[in-house]
Amino acid sequence: MEAAPAAAGSIASNGAVPILCAKLLSIEYIDLAEQAIQCLEKISYEHSVSILRAGGLAAVLTFIDFFPIATQRICVNIAANICRQVPSDCYPMVLDMLPNISNLLQNDDQKVVERGVVCFARLAESFYGNNENLTKLSSHGVLPHLMRIASMSPSSGINSATYTLALRLITTLCVGNPNLSISLLEGGIGAILQAALMGSNEKENNPTDPTSTTTRSISTEQLYEILNLVSELMPPLPKEMGLFISSYGLRASRDMANQRIQRDENDDEERSDDENENLLTNPETQETTTSPVQDPREKAIRENSVLLENLGDSILPLLLQVFSATINSSLRYKCLTAVTKLLHFSSPSNLKSLLKSLSVSSFIANILASTDYVVVATALKLAEILMQKLPEIFSIYFKREGVLFEVQRLSQETQNSRADMTTSAENFLSAQGELPSPAKMQQWVKEHSKKLLTDYFGKMADSEDSEELKRLKAISQDLNTLNLNSTSEVEMTSKLDQLVAVLSSPEGVSTFEFVESQLVENLLKFLTQVEFQVENSQDSHLTKEKILLERVGIFCKIFFKLNVPMGNQDSTRNQHEALQVLIHKLHHTLNKAERFSVQLNEINGTAIGLKYLTQPFKLNVQLSTSTSTSTPEKLVLIEPLAKIQSLLDYIQNLQRSEKSEKLEDSENSESSENSEIRITINGEFVPPENYGTIFQVLQFLKSQDGNSDQPQPIHRLWETTHTVTYDVVQVEVPTGSQDQVEVQTGIWEPPYIQMVSETLGFKLNCPPLIHKVMSLLRILHELNWMWTSFNSTEKQTPTAPHRYLLNPSEFVNNKLTAKMMRQLQDPMTLCSGSVPPWSRAIVDFAPFLLPFECRRLFFCCSSFGIARALQSVQTHIMGPSGNRSHDLRLGRIQRQKVRVSRQQILPSAIKAMEICGKSRAVLEVEYFAEVGTGLGPTLEFYTLVSKAIQQKDQKMWLDFKLKVENSGNQVEYVYAPYGLFPRLSRSSDTQEHQKLVDMFKFLGTFVGKALLDNRLMDLPLSPAFLKWIRGRRLTFSDLKYIDPDMGSQLEKLSTICRQKRDIENDSKLNDAEKKKKISELKIGKGSIEDLDLDFTLPGFSTWELKPGGESIPVTIHNLEEYVTLVSRVFLNDGIQDQLESFKLGFNLVFPMGNLSMFSIEELDTLLAGTDQDDWDVSNLVENTKTEHGYSHQSKTVRFLLEVMSEFDADQKRNFLLFVTGSPKLPMGGFKALEPKLTIVRRDPDFQTDPDSYLPSVNCCFYYLKIPEYSSKEVLRQKILFAIQHGQGSFSFN
């Protein structure tokens, strides 16, 4: 059968199956039985029913425990294949074997357990609709085993598809036997589902970690099955309540089922363990109607209300979060179904306890503003339930949270006032056929809104504002008054204290009140503008800039609790509670107001869209009819992701071949060098600026087609033969120089003022409220970073890590993150370049709204080209190790190998960047006279080049080490404790300056290539340099990160300059008084003249700041000019050419401006990795693998992990360099290593003593090969020796 697979059919049809089964039921020889099992496995793929009828299920499971693990897995695989299609007459044979199948779920081997789940899932699919058999299927202890699997987190090693299937199987069994739902409720299913939704691998909130976030990754299918199970645990809703959401939920289930079935059909050639994803597609037939006989779940809940109360306590808060954080319609409707059931079946007393700490009123108000009638109708039902059961509570909260406002608006809507809501309803109507038309749905919403107003709100609809709203309006108006008039610090402090008191009060502030009070607009003005005339006020001696900075300082003092010693903080309450409330209210306002649309193609599903992109387009290529010559048409098949340039190259080759045949004269050939090929596709001219991929051009032309009222479905692009007409025209070759990169000035501008001007100047195409909310969030986020500038008790030092006051995850918006992630998962949109403008605008204006992983995915999709974008999407969806044979892998990237010399590493690197820098191929490095190749040598290449760049003789960086005599030939490196910053240089030093500029161009290409290929560099760049790389101007405040001593001295001098300027601007002093006060200004105990400074650059005695500067002394009168000129050299003139050259080299790889979405810390970690990961034993166990004779319980592995946990900083660097080729870990630490660090056993040759061998590594796969040492101390000695002396070569031994 291995040689001729088709023979399996002949063997099955000629009576061999009963004989093979008999050999298993009476085992005489174990080898013969194993051979029979292997034969049955091959037959079972196509002839499983024959095996079942011959008693094969009993044959393979009866004596399964007698076989080794590998054979047991084959037996269970046969059983799973048998269970795939069970004829009704064979049900008794299967039911008799249920105890044996149930035992599989408690096997020690994970693979056996996984296939056991598949067995039950396939049986449940066969029994679906037969409740009696489903009830029998749930016997024999199956449910407890499934619950044990469901309680395991996906990170515990269980296959993700098996975990999903177990959840789906539990739901199916509950559909067949509602009493099982009661058992699950009694068994505490709520806590298990809560853990599944929350995840076991949440990061802890760490204010110093810029990438810390509390979100977790969970697949859409897993989330859907969890929500499906939650809904099935409760009785069905009455038909009149569940019409909208339940009917749509049924449709959504069918849609997801169809997608799974289609995947199954497409992957039928390569069936694997994960094919179980396609099973049990629709377990929700009881959603829309209530059985004539009372549902046992309803009776159980009524008799024991604790069951539903426990479920609600565990799951309701998470349901509200999931609904807000997803845009998937299926998930949102499932969430609403479960929420509606919980509220409908809970008693008033239980509801009061359940909703005590939840903002359910705000939740209902938000979804009442939805553009989806199904959601709006459900929200009205939720409001009605709460008003029926707890009117005394929710009559108040509904008014405060804006529910009443939304209901009033809905009751007054005209027929066409919300045309955007019709689309969703029409889609639903066409698929379901049970719902009324969109117009009738709108009418239902309008009438039901009026009924709610009449029945429950009465006169309250016309009542005055709540006390909280009145207070908030008063404070908001006071802030506006403060902005329009000059006021004292005491008055501003008083008003801000009042705002803090309102935000922190037990009553709180609702989102509706927050918006209605116009606090967003007035607080934004207070923090960004000074609107009164300073000249005519009591602050006439101050500038608007200084007034604004003082005002922001007061705000920070109040909201950030600055100038309060750490020991005096109130530990019983959150110190920044008011600030956090303010941020959360801004998020809620943004969630409620934004209407950013996700642009998805009509092709359902990411995998299906990727499959389309593997199919070629058909092009009919022909010469334009306007030319005198005629050429035959050419039918060309071309990949969708091929560049237009490849089509042009093909046409040029056609032209050359035709010319060679006609032997055209040299004059015409010469003139063709200045010719250009212009093409039209389907009659539409394609301008060169729109050149991209073939798919992008066709998609662009499709979007521009105005001849049809109905847009052409995108899949039709593959069904049409596209006509490509080309013409050859003569063009003039433009002459001109390359664009120069401007280095912006403005060094005196404070960072906050710079940020404010950028914020107010950014044009965001969105409603004014959204723009103001995002602007205010941006201001608060930047203050969260630069708070030390306004704090007199804590000053930031250049070498200390910057500390965020609030965790940056406080600023992450879950709703926008979900939208962005969904947008980036649509391959058609990515490949056509039609990502909506709002996504780019958010990344440019407010990247902090998105977590790091989301921004990194956007960065990869928008910066590295289509091939890498598709690879990033596939990696995100399938995981970095998604290498199953039937997985579709698109966007394959070419690899380009270079061979370099270790002894000449920097010249080799410069040459490699010249050859490969512009290429999108992945660079792989080998070394002369070494056999190593692949990932390990490549990573070491980036490390070695990074080190070579830092050598003193390269003269690239500012060096803070005193000059000492170099002993011997030892290589010296620059000493840059504050990070690497470009060395100052003048263009007048022609040869040396040009060499420096060329090196920075190489460095730019090198850094860009490292980011493109996801390689780490050992390059500690200065925060000021990183700030410039991410597109921000360098200002005077950045000097402390470049040269702290110089920055400190210039800061003192600039303080004298400000004092002098204040004296000169003081209208209360006459000229004589001003002159006297200026002469009394001192620095320390002496005058400026006592410093004996001249107009030369400190540390560069030959660098004159202006002509004749060496002979011009610095006095109090020209001090400001001196400080300005010195600062300009450090921040602009002395580094301008280097920075321009760096950017020029970087842009050869991809636009450097795309890095603006990352913070300085994130960018530093992207470039150089991190050394902040936890090296304790538990973290190492979780994020390492063991193979080939070792497990985490092995003595040697325990010794190794204990030794690793005791490494100092240098030993950690050496160990990582030894194992991975890089001295640091990628962002995310050991968990982010791909592939994972794997510890394997190394067996010594000829049975010699293991203690005489050293560890070795395979850097390409991060394999650490460790002999089985006799003790921990021996292992420590060997590993330390290896990591210290085992560097610098890749060899076989």
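Here is what the cut-offs are and how they apply
Residues numbered from 1 in each chain as written. Predicted model: local features only at pLDDT ≥ 70, side-chain atom pairs only at ≥ 80, totals over all residues. Heavy atoms only, no water. Buried < 20%, exposed > 50% of the residue type's maximum accessible area, 1.4 Å probe, protein only. Helix = DSSP H or I, 4+ residues; strand = E, 2+ residues; numbered from the N terminus. Pairing = 2+ DSSP bridges. Phe/Tyr/Trp six-rings, centres within 6.5 Å; stacked < 30°, edge-to-face > 60°. Salt bridge = Lys/Arg side-chain N within 4 Å of Asp/Glu carboxyl O. Axes fitted to C-alpha atoms, helices over the stretch in contact; angles between N-to-C directions. Contact = heavy atoms within 4.5 Å. Parallel < 35°, antiparallel > 145°, perpendicular 65-115°, else oblique. Left-handed = near helix turned anticlockwise from the far one by under 90°. Nonpolar A, V, L, I, M, F, W, Y, C, P; charged D, E, K, R; others polar. Disulfide = S-S within 2.5 Å. Core = buried A, V, L, I, M, F, W, Y, C linked by side-chain atoms within 4.5 Å. Expected span 1.5 Å × (residues − 1).

Structural notes on the pairing of strand 11 (residues 1237–1241)
Here comes step 1: Burial of strand 11 is extensive: 4 of the 5 residues sit out of reach of the surface.
Here comes step 2: Pairing geometry for strand 10 (residues 1184–1187) and strand 11, over 4 bridges, is parallel. Note on strand 11: the bridge partner recorded for Thr1184 is Leu1237.
Here comes step 3: In this structure, strand 11 lies alongside strand 13 (residues 1263–1266), joined through 4 bridges in parallel fashion. Within strand 13, the position partnered with Ile1239 by the bridge is Leu1264.

A few points about the packing of aromatic side chains
Here comes step 1: A full pass over the atoms with the stated rule returns 37 aromatic pairs.
Here comes step 2: Between the aromatic rings of Phe941 and Tyr942, the centroid separation amounts to 5.4 Å while the plane-to-plane angle is 80°, which identifies the pairing as edge-to-face.
Here comes step 3: Take Tyr942: its relative accessible area is 0%, and that puts it in the buried class.
Here comes step 4: Arranged with centres 4.9 Å apart and planes meeting at 75°, the rings of Trp1175 and Phe1230 form a pair that is edge-to-face. One end of the pair, Trp1175, is in the loop between helix 53 (1160–1168) and helix 54 (1177–1182); the other, Phe1230, is in the loop between helix 56 (1209–1220) and strand 11, with 55 residues separating them in the sequence.
Here comes step 5: For Trp1175, a relative accessible area of 5% gives the class buried.

Considerations on the sheet that holds strand 3 (residues 675–681)
Here comes step 1: Pairing is mixed across the open sheet formed by 5 strands, whose spatial order is 2-1-5-3-4. If you trace the sheet from one side to the other, it starts and ends with strand 2 (634–638) and strand 4 (684–685), each paired once.
Here comes step 2: Bridging between strand 1 (residues 617–623) and strand 2 involves 5 bridges; their strand directions are antiparallel. Paired with Leu619 across the two strands is Val636, which belongs to strand 2.

Considering the pattern of salt bridges
Here comes step 1: For the coordinates displayed, the defined rule picks out 46 salt bridges.
Here comes step 2: Here Lys952 ties to Asp959 by a salt bridge, and the two come within 3.3 Å at their closest N and O atoms.
Here comes step 3: Three or more residues are tied together by salt bridges with common partners; here these are Glu1202, Glu1206, Lys1272, Glu1273 and Arg1276.

Details of the sheet that holds strand 10
Here comes step 1: With mixed pairing, the 4 strands of this open sheet are ordered in space as 10-11-13-12. A strand with exactly one partner marks an edge of an open sheet, and here the two such strands are strand 10 and strand 12 (1256–1258). Mean inter-strand twist for the sheet, computed between neighbouring axes without regard to direction, equals 25°.
Here comes step 2: Across the sheet, helix 55 (residues 1195–1205) is in contact with strand 10, strand 11 and strand 13; its angle to strand 11 comes to roughly 140°.

Focus: the packing of helix 15 (residues 220–232) against helix 19 (residues 329–345)
Here comes step 1: Contact geometry for helix 15 and helix 19: axes closest at 9 Å, N-to-C directions at 20°. Looking at the two axes, helix 15 sits roughly parallel to helix 19. Where helix 15 crosses over helix 19, the handedness of that crossing is left-handed. For the pair helix 15 and helix 19, contact is made by Thr220, Leu223, Tyr224, Leu227, Asn228, Val230 and Ser231 and by Ser330, Leu331, Lys334, Cys335, Thr337, Ala338 and Lys341, respectively.
Here comes step 2: Tallied by class, residues from the contact of helix 15 with helix 19 come to 7 nonpolar, 5 polar and 2 charged.

A look at the state of the cysteines
Here comes step 1: Counted by the stated rule, this structure contains 0 disulfides.
Here comes step 2: Not part of a disulfide, Cys83 finds its nearest cysteine sulfur in Cys119, a span of 4.5 Å.
Here comes step 3: Among the residues examined, Cys83 registers a relative accessible area of 0% and is labelled buried.

Things to note about the nonpolar core
Here comes step 1: If you look at the biggest cluster of nonpolar residues, it comprises 168 residues, and the most contacted ones within it are Phe559, Tyr752 and Phe941.
Here comes step 2: Sequence-distant contacts of Phe559, defined by excluding residues within four places in its chain, comprise Leu496, Leu499, Val500, Leu503, His576, Ala578, Leu579 and Leu582.
Here comes step 3: Counting residues in each nonpolar core, the second largest holds 133 residues, with Ile101, Val376, Ala383 and Phe457 among its members.

Details of the environment of Met828
Here comes step 1: With respect to the helices and strands, the residue Met828 is situated in helix 40 (residues 827–832).
Here comes step 2: The class of Met828 is buried, set by a relative accessible area of 1%.
Here comes step 3: In sequence terms Met828 and Leu870 are 42 residues apart; their C-alpha atoms lie 9.9 Å from each other.

Examining the environment of Thr1196
Here comes step 1: When you line up the elements, Thr1196 lands in helix 55.
Here comes step 2: Excluding anything up to four places from it in sequence, Thr1196 contacts Tyr1190, Ile1266, Pro1267, Glu1268, Tyr1269 and Leu1275.

Section: the packing of helix 12 (residues 160–176) against helix 13 (residues 178–186)
Here comes step 1: Closest axis-to-axis distance for the helix 12/helix 13 pair is 5 Å, and the angle between their directions is 125°. Accordingly, the angle class assigned to the pair helix 12 and helix 13 is oblique. Mapping the contact onto sequence places Ile170, Leu173, Cys174, Val175 and Gly176 in helix 12 and Pro178, Leu180, Ser181 and Leu184 in helix 13.
Here comes step 2: Across the contact of helix 12 with helix 13, the residue classes break down as 7 nonpolar, 2 polar and no charged.

Here's the deal with the pairing of strand 3
Here comes step 1: In terms of strand pairing, strand 3 meets strand 5 (residues 721–730) through 7 bridges, oriented antiparallel. Note that in strand 5 the partner of Thr680 across the bridge is Thr725.
Here comes step 2: Here strand 3 pairs with strand 4 via 2 bridges, running antiparallel. Across the sheet, residue Ile681 finds its bridge partner in strand 4, namely Glu684.
Here comes step 3: Count of turn residues in the strand 3/strand 4 antiparallel hairpin: 2 residues, of which Asn682 carries a positive phi of about 55°.

Focus: helix 6 (residues 69–82)
Given 3.6 residues per turn, any residue in an α-helix points the same way as the ones three and four places further on.
Here comes step 1: Spanning 14 residues, helix 6 covers 20 Å between terminal C-alpha atoms, matching the ideal 20 Å at 1.5 Å per step.
Here comes step 2: Of the residues making up helix 6, those classed as buried are Thr71, Gln72, Ile74, Cys75, Val76, Asn77, Ile78, Ala79, Ala80, Asn81 and Ile82.
Here comes step 3: Each element contacted by the buried residues of helix 6 is listed here: helix 3 (30–44), helix 4 (48–53), helix 5 (56–62), helix 8 (98–104) and helix 9 (110–127).

None of the figures reported here should be taken as evidence of function without further support.
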